[in-house]
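In case you want the letters, here they are:
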Amino acid sequence: MSREELIQRYIEAILEKKRDMSREELIRRIEEKKKHARVSEAYREVWAVFSVANELGIRLEEVSLEKEIKIGSIVSGLTSVSTRGRVIAILEPKEVESADGRILITRAIIGDSSGWGYLYLWREKANLLRELGINVGDVVRVVRAYSKEGRLGTIEIHLGNAGSMSKIEDSPDIPAREAFFKKLGELSHDDNVVNVKAVIAGVSEAKKFSDPIRGEGTVRRIVLADGDLRMPLTLWHEHSTKVTEKDVFSTVLVAGARVRRGLSGSLELELNSMGCLEILSKTGEAEYSALSKVESGKLVNLKLHVLKMFKENVISLGGRVRRMMDTIVSDGESYAVLTCWGSIIDRLKQLEAEGKKIAFLNVLTRSRGKQILLSTTSSTTIIGVEEGFSNVKVPEETRRINELEPGMRKIHVEGVVSTSPEEQEVVLASGEKIRACRLNIMDDTGMVEVVAWRENTSKILGLRPGMGLRIKWCNVRERGIGRLCVEVTGDSEVEMMNIG
């Protein structure tokens, strides 16, 4: 029975009870009700029909539907629902509180050619799947169930005391199980809850959390891939323990995932207790990029020699305190600065990564002129380590002053001190007072200001005009429109040079 047939069945039932009402008057009242509906579009018409029926004193819940209903035609508020469908996924059983104490429920996702929905098995029915030997991929018939609207517009089919379920022969009119799983490229902002099939392209470490809404638990962020398309998936609680770094490049089926808009506006997925995840066999290996060919703003896989690890720092971003550490890396041909965040820092320290070759997945690329800048993300994964020191050396290239660009990091600059250091006290927006020291250096291409803050002022405070120096591992920042400054950091080294 289609949705249209179902609506007509209810309209006939109302007209049978209200013989003094014309069909035209009934349709008019239903259309008027639809204008004021506060339910999703899928259920607006049936809600209006039920509302008008209630006003007329008619209980449509008692109307016998007789025929099987397609799952895509089931709407909230039906009783005595009969349907059949393929088991797409079986969720973890759970206990819920009721007036009779804690009771067990089992949930599955079933579908047919018209759509899919959640099947709830209550109390003594909770063990039916196991007792009947029903597994994912099997076809089941459900009789005398009732329906509700679930989260984000999904449909729920509930099997209570009066209902029954059986395993039946497969039917060619019900699609194969994998037909219910979309590709990442098929998802849109109009989707709410989806089933997807993709490849795991990256896995972050599981993290423990505690907050008033979600309570205590663990969360892990992974990256799904379909060709060149990438999409993050957040795994909550029990799902976070089902995926590790060893599962990278495995195909995965994700059922009941919520679609949401990320901070950047792009699509993201999350999986909680209303969904499940199944890992299939591995499908391939990583493809690694060369540093010289990476595009800015892209996530790439790289095999990098870790040549130098600087000290870990703590910074505040958007009111959030984060740990970061810069490293100098090379793929054997080109050099880059890789900024590591959070747990990746701990992983590199644990591996004693300096001097080793590390395989990274999902590293974000940026560029500043000729310099390549990299950054780890929440989905960056380390999947391989090659022991032994490489013959790639730490870069010693010096930048000329006219080559400097804002955003450059961990570079070397040489020049002659042209002004005496000026030390001053600076008041930050937070009210904190700190020391700052400034001077200018010049080479045959131009002049630039050098700035040091806090304890780093001692590195340049004793310099005098005419001295030659090399500042190693400094950063370049924009200071006003068209003006640059070289920043001396805690990682910077200031060396005196003889001027010929």
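Thresholds, definitions, all that
- Sequence order as written defines the numbering, with residues in each chain counted from 1.
- For this predicted model, a pLDDT threshold of at least 70 governs which residues receive local features, and a threshold of 80 or more governs which side-chain atom pairs are given and counted, while totals over whole chains, interfaces and linings are taken from all residues.
- Remark: hydrogens and water are excluded; side-chain values derive from all non-hydrogen atoms of the structure.
- Only DSSP runs of H or I with at least four residues qualify as helices, and only runs of E with at least two residues qualify as strands; both kinds are numbered from the N terminus onward.
- Taken over C-alpha atoms, the radius of gyration is set against a globule rule of 2.2 Å times the number of residues to the power 0.38.
- Burial here depends on accessible area, computed with a 1.4 Å probe over protein chains only, as a share of the maximum for the residue type. Under 20% is buried, over 50% is exposed, and the range in between is partly exposed.
- The pairing criterion for strands is at least two bridges between them, as found by DSSP.
- What qualifies as a polar contact is a pair of N or O atoms within 3.5 Å, subject to a donor-acceptor requirement within protein and to the restriction that residues adjacent in sequence count only when both atoms come from side chains.
- Two residues form a contact once any of their heavy atoms are found within 4.5 Å.
- The definition of a nonpolar core used throughout is a set of buried Ala, Val, Leu, Ile, Met, Phe, Trp, Tyr and Cys residues joined through side-chain atoms within 4.5 Å.

Moving on to the overall build of the protein chain. In terms of regular secondary structure, the protein chain is built from five helices and 28 strands. Computed over the C-alpha atoms, the radius of gyration of the protein chain is 32 Å, more than 25% above the 23 Å expected from 2.2 N^0.38 for a compact globule of 500 residues. Its C-alpha atoms give the protein chain principal-axis dimensions of roughly 110 × 50 × 45 Å. Counting over 500 residues, the protein chain shows a buried share of 47%.

This next bit is on unusual backbone geometry. A positive phi angle, near 65°, is found at N362, a position not held by glycine. Positive phi is not limited to glycine here, since K410 has a value of about 55°. Structurally, K410 can be placed in the loop between β21 (398-399) and β22 (411-417). When its relative accessible area of 6% is taken as the criterion, K410 is described as buried.

Sheet topology note: the strand β15 (residues 299-309)/strand β17 (residues 320-330) ladder contains four bridges and is antiparallel. Counted as the bridge partner of K308 is I328 from β17. Summarising the sheet, strand β16 (residues 313-317) and β17 pair through five bridges and their orientation is antiparallel. Bridging across to β17, V314 finds its partner in R323. Connecting the antiparallel pair β16 and β17 is a turn made up of two residues, with G318 showing a positive phi of about 60°. Pairing of β17 with strand β18 (residues 335-341), which is carried by seven bridges, proceeds in the antiparallel orientation. Residue pairing for β18: D326 is matched across the bridge by T339. From the end of β17 to the start of β18, which pair antiparallel, there are four residues, and G332 there has a positive phi angle of about 100°.

Attention now moves to the side chain of S204. Residue position: S204 is located in the loop between β8 (193-203) and β9 (207-211). Owing to a relative accessible area of 10%, S204 belongs among the buried residues under this scheme. A polar side-chain atom of S204 sits 3.4 Å from the main-chain carbonyl oxygen of S378. The contacts of S204, once residues within four sequence positions are left out, are R220, R221, S378, S379 and T381.

So, about the nonpolar core. Core analysis: the biggest nonpolar cluster contains 40 residues, and I14, L26, L60, L78 and M165 have the highest contact counts within it. A per-element tally of this core places helix α1 (residues 3-17) first, with seven residues. Ranked by size, the runner-up nonpolar core spans 25 residues in total, among them I200, L224, L233 and A286.

Here the focus is the side chain of Q371. Structurally, the position occupied by Q371 is in strand β20 (residues 371-386). A polar side-chain atom of Q371 sits 2.5 Å from the main-chain carbonyl oxygen of R409. Leave out the neighbours within four places in its chain, and Q371 touches V337, R366, R399, G407, M408, R409 and I411.

Keep in mind that these numbers describe shape and distance, not what the molecule does.
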